[in-house]
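Report on the structure
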Amino acid sequence: MPIREIQTKPYTDQKSGTAGLRKKVAVFQQPHYLENFLQSIFDTETTLRGKTLIIGGDGRYYNRDAIYTAIAMAAANGVAKVVVGQGGLLSTPAASHLIRLRGAGGGFLFTASHNPAGPDGDFGIKFNVAGGGQAPEGLTGRIYEHSKTIQRYRIVEGASLDLDRRGMQKLEDTEIEVVDCVDDYAALMQTLFDFDRLRDWFKKGHSLRFDAMHAVTGPYAQRILVEQLGAPQSTVMNGCPLEDFGGGHPDPNLIYAKHLVDLVNSPASPDLAAASDGDGDRNMILGRGIFISPGDSLAMLAAHLHRLPGYRDGLKGLARSMPTCRAVDQVAKALAVEFHETPTGWKFFANLLDAGRLTLCGEESFGTSSSHAREKDGLWAVLAWLNVLAATGLSVREIAQQHWQRFGRHYFARHDYENLSAATAATVMQALADATAHLPGKSYDDYTVALADDFSYRDPVDGSIAVNQGLRVVFGDSARIVLRQSGTGTEGATLRLYLERYESRETALAWETAEALAPLSNIADQIVRIGELTGRKAPSVVT
Ligand code: G16
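Every chain begins its residue count from 1, and numbering advances along the sequence as written. With pLDDT at 70 or above as the cut-off, local features in this predicted model cover only qualifying residues; side-chain atom pairs require 80 or more to be listed or tallied, and sums for whole chains, interfaces and linings still use all residues. Water and hydrogen atoms were dropped before computing side-chain values, which therefore reflect all heavy atoms in the structure.

Topic: the overall build of the protein chain
To keep things clear, this is the line we draw: Helical segments are the DSSP runs of H or I of at least four residues, strand segments are the runs of E of at least two, and each set is numbered from the N terminus. With the radius of gyration taken over C-alpha atoms, the globule rule is written as 2.2 Å times the number of residues to the power 0.38. In what follows, residue pairs with any heavy atoms lying within 4.5 Å of each other are defined as contacts.
Helix and strand content of the protein chain: 17 helices and 28 strands. In summary, the protein chain has a C-alpha radius of gyration of 23 Å against a globular reference of 24 Å for 543 residues, a match within 12%. By its C-alpha atoms, the protein chain is 75 × 60 × 40 Å across when sized along the principal axes. Of the contacts made within the protein chain by residues no fewer than 6 positions apart, 72% connect residues no fewer than 24 positions apart.

Here we look at the side chain of serine 16
The residue serine 16 is located in the loop between strand 1 (3-7) and strand 2 (21-24) in this model. Leaving out residues up to four positions away in the same chain, serine 16 has contacts with Leu21, Phe37 and Thr140.

Re the packing of aromatic side chains
Basically, it comes down to this: To pair, rings of Phe, Tyr and Trp, with the six-membered ring standing in for Trp, must have centres within 6.5 Å; the planes then decide the type, stacked if under 30 degrees apart, edge-to-face if over 60, and tilted in the middle. Accessibility here uses a 1.4 Å probe with only protein chains present; expressed as a share of the type maximum, an area under 20% marks a residue as buried, one over 50% as exposed, and anything in between as partly exposed. The rule is short: NZ of Lys or CZ of Arg within 6 Å of the ring centre and within 35 degrees of the ring normal puts a charge over the ring.
Taken as a whole, this structure holds 18 aromatic pairs when the rule is applied. Between the aromatic rings of tyrosine 11 and tyrosine 33, the centroid separation amounts to 4.8 Å while the plane-to-plane angle is 65 degrees, which identifies the pairing as edge-to-face. With tyrosine 11 in the loop between strand 1 and strand 2 and tyrosine 33 in helix 2 (residues 33-44), this residue pair connects regions lying 22 residues apart in the sequence. As far as the burial class goes, tyrosine 11 and tyrosine 33 line up, both buried. Put simply, the rings of Tyr11, Phe28, Tyr33, Phe42, Tyr62, Phe108, Phe110, Phe123 and Phe127 pair up and form one aromatic cluster. The residue whose ring lies beneath arginine 409 is tryptophan 404, and the NZ or CZ to ring-centre distance is 3.8 Å.

Regarding the sheet that holds strand 16 (residues 338-342)
Keep this limit in mind: Here, a strand pair is defined by DSSP locating no fewer than two bridges between the strands. Under this scheme, a helix contributes an axis fitted over its contacting stretch, all axes are lines through C-alpha atoms, and angles between N-to-C directions fall in the 0 to 180 degree range.
Overall, mixed pairing links the four strands, which are arranged 16-15-17-18 in an open sheet. At either margin of the open sheet sits one strand with a lone partner, and together these are strand 16 and strand 18 (367-370). Across the sheet, the mean angle from the axis of one strand to that of its neighbour is 15 degrees, orientation sign disregarded. Of the strand pairs in this sheet, strand 15 (residues 317-321) and strand 16 are connected by five bridges, and their pairing is parallel. Paired with leucine 318 across the strands is phenylalanine 339, a residue of strand 16. Where helix 10 (residues 294-304) meets the sheet, its contacts fall on strand 15, strand 17 (360-363) and strand 18, and the angle it forms with strand 17 comes to roughly 170 degrees.

Observations concerning the site of the ligand
Inclusion rule: Whether a residue is near a molecule or strand is decided by its heavy atoms; if any one of them lies within 4 Å of it, the residue is near. Polar contact is defined as a pair of N or O atoms within 3.5 Å, subject to the rule that within protein one atom must be able to donate a hydrogen and the other to accept it, and that residues adjacent in sequence are counted only when both atoms are side-chain atoms. Each accessible area is a Shrake-Rupley estimate made with a 1.4 Å probe; only the visible protein chains count as cover when residues are assessed.
Around the ligand, a shell composed of 20 residues is seen, among which Thr18, Glu363, Arg484, Thr488 and Arg496 lie nearest. A distance of 2.9 Å separates an oxygen atom of the ligand from a polar atom in the backbone of tryptophan 346. A distance of 2.7 Å separates an oxygen atom of the ligand from a polar backbone atom of glycine 487. Calculation on the ligand without its partners gives an accessible area of 470 Å², and the protein chains cover 100% of this total.

With respect to the domain arrangement of the protein chain
Often the size quoted for an interface is simply the accessible area lost on bringing the parts together. Basically, it comes down to this: Residue ranges labeled as domains rest on an automatic or database domain assignment. In short, buried area is how much 1.4 Å probe accessible area vanishes from two parts on joining, totalled over both.
Considered domain by domain, the protein chain is made up of domain 1 (3-181), domain 2 (185-407) and domain 3 (409-542). One C-alpha centre belongs to domain 2, the other to domain 3, and the line joining them spans 26 Å. Contacts between the two partners involve 26 residues from domain 2, matched on the other side by 29 residues from domain 3. Together domain 2 and domain 3 conceal approximately 2,400 Å² of surface at their shared face, both sides included; 57% is due to carbon and sulfur atoms. Counting the surface domain 2 buries against domain 3, the share from its top three residues, Met322, Arg326 and Trp404, is 29%.

Overview of the environment of leucine 263
Its place among the elements puts leucine 263 in helix 9 (residues 258-264). When the C-alpha positions of leucine 263 and arginine 536 are compared, they lie 32 Å apart, and in sequence the two are 273 residues distant. When sequence neighbours within four positions are dropped, the list of residues in contact with leucine 263 reads Arg209, Ala268, Ser269 and Pro270.

Concerning the pattern of salt bridges
As a reminder of what qualifies: Any carboxyl oxygen of Asp or Glu that lies within 4 Å of a side-chain nitrogen of Lys or Arg is treated as forming a salt bridge with it.
Summed over the entire model, instances satisfying the criterion amount to 40 salt bridges. Lysine 81 is the salt-bridge partner of glutamate 177, the closest N and O atoms lying 2.9 Å from each other. Of this pair, glutamate 177 sits in strand 9 (residues 174-179) while lysine 81 sits in strand 4 (residues 81-89), and the two are 96 residues apart along the sequence. Judged by its relative accessible area of 18%, lysine 81 falls in the buried class. Notably, a salt bridge pairs arginine 472 with aspartate 453, separated by 2.7 Å at the nearest N-O pair. Remark: aspartate 453 occurs in strand 22 (residues 451-454) and arginine 472 occurs in strand 25 (residues 471-475); sequence separation between them is 19 residues.

A closer look at the nonpolar core
Convention followed: Within this scheme, the nonpolar core is defined by two criteria: the residues are buried Ala, Val, Leu, Ile, Met, Phe, Trp, Tyr or Cys, and they are joined through side-chain atoms within 4.5 Å.
Within the largest apolar cluster, 90 residues are counted, with the highest numbers of intra-cluster contacts made by Met189, Phe193, Trp380 and Trp385. Residue contributions to this core peak at 11 residues, all from helix 13 (residues 378-392). In this structure tryptophan 385 touches Leu272, Ile285, Ile292, Ser297, Met300, Leu301, Val396 and Ile399, once residues within four positions along its chain are discounted. Residues Leu53, Phe110, Ile155 and Val156 belong to the second largest nonpolar core, which totals 44 residues.

Considering the sheet that holds strand 2
One open sheet accounts for seven strands, arranged 2-6-5-3-4-9-8; its pairing is mixed. Only two strands of the sheet have a single partner each, and these edge strands are strand 2 and strand 8 (167-171). Between one strand axis and the next, the sheet turns by 20 degrees as a mean value, whatever way the strands run. Sheet topology note: the strand 4/strand 9 ladder contains five bridges and is parallel. Each residue of the ladder has a partner; that of glycine 85, found in strand 9, is valine 179. Packed on one face of the sheet, helix 2 meets strand 2, strand 3 (52-57), strand 5 (106-110) and strand 6 (122-129) and runs near 160 degrees to strand 5. Set on the sheet, helix 4 (residues 92-101) makes contact with strand 3, strand 4, strand 5, strand 6 and strand 9; between it and strand 5 the angle comes to about 165 degrees.

Let's talk about helix 16 (residues 513-528)
Since one α-helical turn is 3.6 residues long, residues separated by three or four positions face the same way. Note the following rule: What is called the bend at a residue is the angle between a pair of axes, fitted to the seven residues leading up to and ending at it and to the seven starting from it.
The sharpest bend along helix 16 measures roughly 40 degrees and falls at proline 519. Residues of helix 16 that are buried: Ala516, Leu517, Leu520, Ile523, Ala524, Ile527 and Val528. Phi turns positive, to about 55 degrees, at arginine 529, one or two residues after helix 16.

Description of helix 5 (residues 137-147)
Heads up, the rule is: This arc is built from the directions going out from the helix axis to the C-beta atoms.
When helix 5 is considered as a whole, its buried residues turn out to be Leu139, Thr140, Ile143, Tyr144 and Ser147. Angular distribution of buried residues about the axis of helix 5 spans 140 degrees; they occupy a single face of the element. Buried residues belonging to helix 5 abut helix 2 and strand 6.

Examining the environment of glutamine 430
Positionally, glutamine 430 belongs in helix 15 (residues 422-436). On the basis of relative accessibility, which here comes to 44%, the residue glutamine 430 falls in the partly exposed class.

See below:
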């Protein structure tokens, strides 16, 4: 089969966002669009030559086509070996683990995360580097620059491969190994959690309901929860990955997993209910009659992590993204461990993890993970919660109540304003940016602004600096308002307004989140003026 050089013309929109390149499927289906982006990676990250490359995806529409193209281009660009998940499936955390396990030069993860799939849905690529984490901003910037001038790409024409047959195949000089997507990940989980104790927990009649949302975690949940831990088959809902995710929106939050919220508020509630997203890196945690916000989940796991076998040596450090509520800060203080506040985007944790300065980190966007991988990990979070429940003998509600009594409670909500024009989003951001200089010292009801700025971050490991990472208005420890523009959308611009209020008074620990945040929401109206400037009466989604 000949290796061909194909002439092409550059596209100007191949700039990666918070987590890779995400676009409508139709955009990726334009002539040479996918090939241009992949060749830009091969031309920029030349160290992939002669190395192993991990390839997989979340199984969405166009996944297989993209993977065949990626393998044919890898072979034409001198990659020594491709390891690909059977059927083209690999969850994002499993792919990150495989990159580390195989000492690979990097990985292509075909996913648009929780965004809907199908011919009219979204598609995406994340490029992860050696070490397992997402390419840092400097590298994605260089790939983008290259994509604007690209003139040709290399591909093996007429390649014929069988993605469904496990084992070795060959394409020109490149070995192609098709692997089971679960094996190595499940083996890793067994080193981190007490599987005997978890089996007992199920044997005693405790129950879990896990919704795989017809996305990639189905096979992982089936193997680990049902086959290895002995949970009943009914534990896993929507466990069969489908190209269109069953027409659903695999975003595990209060809106798109409302059926789980209804379930835990009914007499049929399991002890733990959970869901993951399209590519298996997000998680949502619920107990009987209670939703655990992602920031709380991070803090509660941090407080209990020493109970889990993989973490008995103690915590090296904790981190959260800037907009994530500050609950974990309290735990870091109490445990006297290193703590970091990073910009939104899992890639910002990677250097700290590689340097051995972090054990656990998380984000408000339903992401939690530990040093076992360089991506957030949905099923890991579910297993961690299960292990905490089994080790303490407490319910989810009891864990939460004890936590809030000890550390106080951070009420948190995110208000998303979706599909705005770029100009409108820029106007809102600019108006708040202009106001920040005059805000410190001003009082609104019981709150006084202590700090107002545009968040920037200096990576303590490599010294790189990220600016314009979100506007924050901080009322001391009592409350915060944060505004930033999403970097993962594929239609128009999305503004995210984050509200956080801290209470440690005994009588203030069991409020409804929306009521607790109502006064702060009014203050945000006055300071950010998002309704006034966008003409929107309410956010599109509140999570
Ligand atoms: C990605 C990133 C996360 C980020 C999230 C939301 O998650 O990996 O670090 O928090 O997007 O980003 P934004 O607020 O810019 O939309 P995922 O699960 O979509 O890959």
